[in-house]
Amino acid sequence: MSFKVRIEPSGHEFRVEDDESILEAALRQGFAFPYGCRNGACGSCKGKVLEGGVDYGGELPPALSAAEAEAGQALFCQAHALGDVTIEVREIGAAKDIPIKTMPCRVAKLERLADDVMAVYLKLPMNERLQYLAGQYLDILLRDGRRRSFSIANAPHDDEFIELHIKHIEGGRFTHEVFSSMKEKQILRIEGPLGNFYLREDSNRPIILMAGGTGFGPIKAIVEHAIAEGLTRPMHLYWGARTRQGLYMDALVRRWTEEHPHIEYVPVLSAPLADDHWDGRTGYVQDKVMEDFEDLSAYELYASGPPRMVYEGRDLLMTKGADPEHYYSDAFEFAKD
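Residues numbered from 1 in each chain as written. Predicted model: local features only at pLDDT ≥ 70, side-chain atom pairs only at ≥ 80, totals over all residues. Heavy atoms only, no water.

A.B. asks: Just to check I follow, could you spell out the environment of A211 for this structure?
C.D. replies: Here A211 lies in strand β14 (residues 207–212). A C-alpha to C-alpha distance of 5.7 Å links A211 and G305, two positions 94 residues apart in sequence. When near neighbours in sequence (up to four residues on either side) are disregarded, A211 contacts F216, I219, Y238, W239, G240, V285, S304 and M309. (Helix = DSSP H or I, 4+ residues; strand = E, 2+ residues; numbered from the N terminus. Contact = heavy atoms within 4.5 Å.)

A.B. asks: How do you make sense of the packing of aromatic side chains when you look at a structure like this?
C.D. replies: Remark: the centre distance and the inter-plane angle together describe each pair of aromatic rings, the angle taken between the planes. The tally for this structure, following the rule as stated, stands at 10 aromatic pairs. Relative to Y299, the ring of F293 lies with its centre 5.2 Å away and its plane at 70°, an arrangement referred to as edge-to-face. Neither F293 nor Y299 differs from the other in exposure class; each is buried. Aromatic ring contacts, followed pair by pair, group F216, W239, Y248 and W256 into a single cluster. The ring of Y121 carries K109 above its face, with NZ or CZ at 4.6 Å from the centroid. One Lys or Arg, R200, reaches over the ring of Y328 and ends 4.0 Å from the middle of that ring. (Phe/Tyr/Trp six-rings, centres within 6.5 Å; stacked < 30°, edge-to-face > 60°. Buried < 20%, exposed > 50% of the residue type's maximum accessible area, 1.4 Å probe, protein only. Lys NZ or Arg CZ within 6 Å of the ring centre and 35° of its normal.)

A.B. asks: What am I meant to see in a negative patch on the surface here?
C.D. replies: Negative charge collects at one region of the surface, where E17, D18, D19 and E24 lie side by side. Along the polypeptide, D18 turns up in the loop between β2 (13–17) and α1 (22–28). Among the residues examined, D18 registers a relative accessible area of 42% and is labelled partly exposed. (Patch = residues over 30% accessible without salt bridge, like charges linked within 9 Å, V, L, I, M, F, W, Y side chains within 5 Å. Areas by Shrake-Rupley, 256 points an atom, 1.4 Å probe, with all protein chains shown as cover. Salt bridge = Lys/Arg side-chain N within 4 Å of Asp/Glu carboxyl O. Lys, Arg positive; Asp, Glu negative; His and termini not counted. Charge placed at Lys NZ, Arg CZ, Asp CG, Glu CD.)

A.B. asks: Would you take a moment to explain the nonpolar core for this structure?
C.D. replies: Nonpolar side chains tend to gather and get buried jointly when the protein is soluble and globular. By size, the foremost hydrophobic cluster in this structure holds 34 residues, and its most contacted members are L209, L237, W239 and Y302. Among the elements of the structure, β8 (101–114), β9 (117–123), β14, α4 (216–229), β15 (235–241), α5 (250–259) and β16 (263–269) are those that each provide at least two residues to this core. In terms of residue count, α4 provides more of this core than any other element does, 6 residues in total. Within the second largest apolar cluster, 27 residues are counted, among which are L23, C45, L75 and A81. (Core = buried A, V, L, I, M, F, W, Y, C linked by side-chain atoms within 4.5 Å.)

A.B. asks: Even after reading the chapter, I still don't get the state of the cysteines, so can you show me in this structure?
C.D. replies: In protein chemistry, a disulfide is the covalent bond that joins the sulfur atoms of two cysteines. Taken as a whole and assessed by the stated rule, the structure comprises 0 disulfides. In this structure C45 is a free cysteine whose sulfur lies 3.6 Å from that of C77, the closest cysteine sulfur available. Exposure remark for C77: the relative accessible area of 9% places this residue in the buried category. (Disulfide = S-S within 2.5 Å.)

A.B. asks: Mind showing me how you'd approach the pairing of strand β18 (residues 300–305) here?
C.D. replies: Remark: a regular strand shows side chains that alternate across the two faces of the sheet. Taken across its 6 residues, β18 has 6 buried, putting it largely inside the fold. Neither face of β18 is open: one carries E300, Y302 and S304, the other L301, A303 and G305, and all of them are buried. Traced from β18 through helix α7 (residues 307–318) to strand β19 (residues 327–331), the parallel crossover comes out right-handed. (Right-handed = clockwise from strand over helix to strand, strands pointing away.)

A.B. asks: How do you make sense of the sheet that holds strand β12 (residues 162–167) when you look at a structure like this?
C.D. replies: Strand-to-strand pairing in sheets goes through backbone hydrogen bonds, with the strands running parallel or antiparallel. If you trace the 6 strands from one edge of the open sheet to the other, you get β11-β10-β13-β8-β9-β12, paired in antiparallel fashion. Only two strands of the sheet have a single neighbouring strand rather than two, namely β11 (147–151) and β12. This sheet shows a mean twist of 40° between the axes of neighbouring strands, independent of strand direction. Pairing between strand β10 (residues 137–141) and strand β13 (residues 187–194): 4 bridges, direction antiparallel. Across the sheet, residue I140 finds its bridge partner in β13, namely I190. Strands in contact with helix α3 (residues 173–180) are β8, β9, β10, β11 and β12; relative to β12, the strand with the most contacts, it is inclined by about 110°. (Pairing = 2+ DSSP bridges. Axes fitted to C-alpha atoms, helices over the stretch in contact; angles between N-to-C directions.)

A.B. asks: Got a minute to help me understand the packing of α4 against α5 in this structure?
C.D. replies: A packed helix pair is summarised by two numbers, namely the angle formed by the two axes and the spacing between the axes. Running from N to C, α4 and α5 point in directions that differ by 25°, and their axes come no closer than 12 Å. As the angle between them shows, α4 and α5 are arranged roughly parallel. In terms of crossing hand, the pair formed by α4 and α5 is left-handed. Across the interface between the two elements, F216, K220, V223, E224 and I227 from α4 touch L252, V253 and W256 from α5. Split into classes, the residues belonging to the contact of α4 with α5 amount to 6 nonpolar, no polar and 2 charged. (Parallel < 35°, antiparallel > 145°, perpendicular 65-115°, else oblique. Left-handed = near helix turned anticlockwise from the far one by under 90°. Nonpolar A, V, L, I, M, F, W, Y, C, P; charged D, E, K, R; others polar.)

A.B. asks: What am I meant to see in the sheet that holds strand β17 (residues 281–282) here?
C.D. replies: The sheet built from 6 strands is open, its strands ordered β17-β16-β15-β14-β18-β19 with parallel pairing. With partners counted over all chains shown, the strands left at the sheet margins are β17 and β19, one partner each. Of the strands in this sheet, β15 and β16 are in contact with α5, which crosses β16 at around 150°. On the sheet, helix α6 (residues 285–292) packs against β14, β15, β16 and β17 and is oriented at approximately 145° with respect to β15.

Here it is as structure tokens:
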């Protein structure tokens, strides 16, 4: 059974199932509420129930007093709707609305996606969650004061772990550690969310996504968020790599296209190996977009990956009418100590 939730003062509406919290339903459908721990301990998601009722399945959560509940206050991370409800809560509209946090985390899992790409899954402390927008990044804070920036590769609604796609860089001290000595349960410190590379949900423009290598990480987060939100704007995803192995989640993207007709996928290899048996397109993703589109003035463009692809792509696509105000980018610059 599901119920209708109306948000004031925006007037937005969404559906909540009876087995999920109001916050879970909101995030799943693309409505960004403030939150912190997501287990009722911090109070960041506190708002007001204007009409209808909510239930917590027993005791009130720690951050909500009986007096506050009596006055209509609610913690939406724990509150389950008893029927149609109208609530009052501040909706987050941009990255500037989300507080930047510094917190410890634990390496929960390491998964080799390719010979030179590792998925690192981070687990935050029990009472913490990192709120972010699809496409943003975080910094790993190293003991000697250095920082390493990595984009978050999972959508905000699916935040049990923070997923990072880390490429082994020749001579890179931290990436060498990831591939040689990092262990599960290792403790790291992170700071985030950071950056202005995120899905603009208030736009009706069709979308072109350009990913180079592990630049696919934030693009993955954007697509997964758009799917969860039910966004059906046309999405053209161009993913470039040197060899077939570099398209390390090719099967996932192909599944998106099978399940969602509005998503188109164009894989591109710049230096395919004989063993790749590649009969797809070759070259660079920015050049393939130039070949496929005559007029880009109506599109929203997201580019993530090597600086050459990001910056050269921007300059090239402007010649086809791309609007610089609708070109969003995340260039993977290598950190210099």
